[in-house]
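Observations on the three-dimensional arrangement
Next come the chains, spelled out residue by residue.
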Amino acid sequence: MKATGIVRRIDELGRVVIPKEIRRTLRIREGDPLEIFTDREGEVILKKYSPIGELNDFAREYATAMHHNLGHIAAICDKDTIITVAGASRRELLEKTIHKDLEEVLNARQKVVRSAANEETLLNIVETDEPIAYCAQVIVPIISEGDAIGAVLLLSREPNATMGAIELKVAETAASFLGKQMEQ
């Protein structure tokens, strides 16, 4: 664990303020849920809660099935990071922070189908020093109880790859399934 040197007092209602710098760095926004953990040494640990993380096994299996059936890279993210990936190097995408381009798509609840072969500009997926070159992408937000909680991604590096109605429908089905699982 890394010390920040910041000290805060608990108020009369038991509240403590998380400093703005830490909220910005960890991408914690007003209204975001936090999980609270304690350990034997008396430490209290706050962790940003990921509802999609609760479905990690479902998400992993669904991504694997999409990759095997479509041949494209399949990934599922929550509002902050890629939580599972099939068909690509795990080091390349897994647990990487999503790019602001992808975050904007989630916030706008847009579906994206783009291909470099059609001379369309592809969105950046994760924050990285060297952008990962994809040639086609499908992005479908996962909606649960009216909120965008993540996205299903289909990506391809094949130079002439295009994504169409089939890929979009598969991604929509996966997003709908995962969204409904969250509501149960």
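Everything here concerns the structure above.
Only a predicted model underlies this, so the values are computations on that prediction, with no experimental measurement involved. (Residues numbered from 1 in each chain as written. Predicted model: local features only at pLDDT ≥ 70, side-chain atom pairs only at ≥ 80, totals over all residues. Heavy atoms only, no water.)

What to know about the packing of aromatic side chains
Any aromatic ring pair is given by two values, namely how distant the centres are and how the planes are angled relative to each other. What counts, and what does not: By convention, a stacked pair of Phe, Tyr or Trp rings (six-membered ring in the case of Trp) has centres within 6.5 Å and planes under 30 degrees apart, an edge-to-face pair has planes over 60 apart, and any other such pair is tilted. Only DSSP runs of H or I covering at least 4 residues are called helices, and only runs of E covering at least 2 are called strands; the numbering of each starts at the N terminus. Burial classification: accessible surface area is computed with a 1.4 Å probe over protein chains only, and a residue below 20% of its type maximum counts as buried, one above 50% as exposed, and the rest as partly exposed.
Counting across every chain of the model gives two aromatic pairs. Relative to F177, the ring of F58 lies with its centre 5.8 Å away and its plane at 90°, an arrangement referred to as edge-to-face. Taken together, the residues span a long stretch of sequence, with F58 in helix 2 (residues 56-70) and F177 in helix 5 (residues 165-183) at a distance of 119 residues. For F177, a relative accessible area of 29% puts it in the partly exposed group. Aromatic ring contacts, followed pair by pair, group F58, Y62 and F177 into a single cluster.

Looking at unusual backbone geometry
One non-glycine residue with positive phi stands out, namely R109, at about 55°. Looking at the element boundaries, R109 is found in the loop between helix 4 (100-108) and strand 5 (112-115). In this structure R109 comes out as partly exposed when scored by relative accessible area, which is 45%. At E145, a residue that is not glycine, the phi angle is positive and equals roughly 50°. Within the secondary structure, E145 sits in the loop between strand 6 (136-144) and strand 7 (147-156).

Looking at the packing of helix 2 against helix 5
Just so we agree on the cut-off: What counts as an axis is a line fitted to C-alpha atoms, over the stretch in contact for a helix, and the angles between N-to-C directions run from 0 to 180 degrees. If an angle is under 35 degrees, it is roughly parallel; if it is over 145, roughly antiparallel; if it lies from 65 to 115, roughly perpendicular; otherwise it is oblique. Should the near helix be turned anticlockwise from the far one by less than a right angle, the crossing is termed left-handed; should it be turned clockwise, right-handed. Between two residues, a contact is recorded if the distance between any of their heavy atoms is within 4.5 Å.
It is at 11 Å that the axes of helix 2 and helix 5 come closest, and there the two elements cross at 170°. The pairing of helix 2 with helix 5 is recorded here as roughly antiparallel in orientation. As for the relative orientation of helix 2 and helix 5, their crossing is right-handed in sense. Of the residues in helix 5, those in contact with F58, A59, Y62, M66 and L70 of helix 2 are I166, E167, V170, T173, A174, F177, L178 and Q181.

Worth remembering: the numbers are spatial, not functional.
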